[in-house]
Amino acid sequence: LVEFIAAEIYEGKLRSGVSEEDRPVLPGFPWPDPAVPLAFVEMGPSSVEQTEGDSKMNRLEAEKVLDILEVVLDAGGCKVA
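Note that the structure is a prediction, hence the values are computed from the model and not measured. (Residues numbered from 1 in each chain as written. Predicted model: local features only at pLDDT ≥ 70, side-chain atom pairs only at ≥ 80, totals over all residues. Heavy atoms only, no water.)

## Focus on the overall build of the protein
Next up, step 1: Helix and strand counts for the protein come out as 2 helices and 2 strands.
Next up, step 2: Seen in sequence order, the protein has helices and strands lined up from the N terminus as α-β-β-α.
Next up, step 3: Relative to a compact globule of 81 residues, whose C-alpha radius of gyration would be 12 Å, the protein shows 16 Å and is clearly more extended.
Next up, step 4: Its C-alpha atoms give the protein principal-axis dimensions of about 35 × 35 × 25 Å.
Next up, step 5: When burial is assessed residue by residue, the protein has 6% of its 81 residues classed as buried.
Next up, step 6: Taking the contacts inside the protein whose residues are at least 6 apart along the sequence as the reference set, 26% of them involve residues at least 24 apart.
Next up, step 7: As displayed, the protein has an accessible area near 7100 Å², and 56% of this comes from carbon and sulfur atoms.
Next up, step 8: Charge-centre separation for the protein: the mean point of 7 positive side chains lies 5 Å from the mean point of 16 negative side chains. (Helix = DSSP H or I, 4+ residues; strand = E, 2+ residues; numbered from the N terminus. Rg over C-alpha atoms; globule rule 2.2 N^0.38 Å. Buried < 20%, exposed > 50% of the residue type's maximum accessible area, 1.4 Å probe, protein only. Contact = heavy atoms within 4.5 Å. Areas by Shrake-Rupley, 256 points an atom, 1.4 Å probe, with all protein chains shown as cover. Lys, Arg positive; Asp, Glu negative; His and termini not counted. Charge placed at Lys NZ, Arg CZ, Asp CG, Glu CD.)

What follows is the structure in structure tokens.
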């Protein structure tokens, strides 16, 4: 995904500051493909985006991120600094 964006949008000028080795798959999350540390999480039809002025928010998405973070932290693969 990063390579595509760098090539197509930034004409190859954008470089990631984090190497693949420094982005290990974190335990606790059910990765669809552990060789590819990228996942899209389906939220379902009850997930609704709300707007307030220029801001947007989605409470169900935020709660899902917190749930995933808690599972990953409980698994011990990531430490809070």
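## With respect to the side chain of N58
Next up, step 1: Mapped onto the elements, N58 comes out in the loop between β2 (55–57) and α2 (59–75).
Next up, step 2: Looking at N58, its side chain comes within polar contact range of the side chain of S47, at 2.8 Å.
Next up, step 3: A polar atom in the side chain of N58 sits 3.1 Å from the backbone nitrogen of E61.
Next up, step 4: Beyond its immediate sequence surroundings of up to four residues, N58 is in contact with S47, V48 and E49. (Polar contact = N/O pair within 3.5 Å; in protein donor to acceptor, adjacent residues only side chain to side chain.)

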